[in-house]
Amino acid sequence: MFGVWGRITIISALSAAAGYLLLGAAPPALIAAITAIAGGAILTMIADTMIPEAFEITHAWTGLITSAGFLLAAAISWLGG
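Residues numbered from 1 in each chain as written. Predicted model: local features only at pLDDT ≥ 70, side-chain atom pairs only at ≥ 80, totals over all residues. Heavy atoms only, no water.

Draft legend 1. Fine view of the layout of surface pockets. Space inside the largest pocket adds up to approximately 180 Å³. Together, Leu 43, Ile 46, Ala 47, Met 50, Ile 51, Ala 54, Thr 58, Thr 62, Ile 65 and Thr 66 line the largest pocket. Among the elements of the structure, α2 (28-58) and α3 (62-80) are those that each provide at least two residues to the lining of the largest pocket. Broken down by element, the lining of the largest pocket gets its largest block of residues, seven residues, from α2. Grouping the amino acids of the lining of the largest pocket by side-chain chemistry returns seven nonpolar, three polar and no charged. (1 Å grid on protein atoms, 1.4 Å probe; cavity = no way out; pocket = protein on both sides within 12 Å on 5 of 7 lines; lining within 4 Å. Points joined across faces, edges and corners; volume = space filled by probe spheres on them. Helix = DSSP H or I, 4+ residues; strand = E, 2+ residues; numbered from the N terminus. Nonpolar A, V, L, I, M, F, W, Y, C, P; charged D, E, K, R; others polar.)

Draft legend 2. Seen up close, α2. Between its first and last C-alpha, α2 extends only 39 Å over 31 residues, short of the 45 Å set by a 1.5 Å rise per residue. If you look at α2, its biggest bend is around 45 degrees, right at Ile 51, and the proline Pro 52 turns up within four residues after that. (Expected span 1.5 Å × (residues − 1). Bend = angle between axes of the 7 residues up to and from the residue.)

Written out as structure tokens, the structure is:
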């Protein structure tokens, strides 16, 4: 198990370094698009993993709670930046 997570950590670090080297001078619009795609992927992974468990407890409220949490996080980010 430690080997798997160790490899994931190393690959993630190398990918981050490569992204910085290859896209460090990229236009802001490209960086924004890449960040939006990555954010959507993370939200999808979280929803795929956690929503089935949350649905058992909150049923019809699950989608509303997820959307509200995402909007709250976005609002905090916008107000802070």
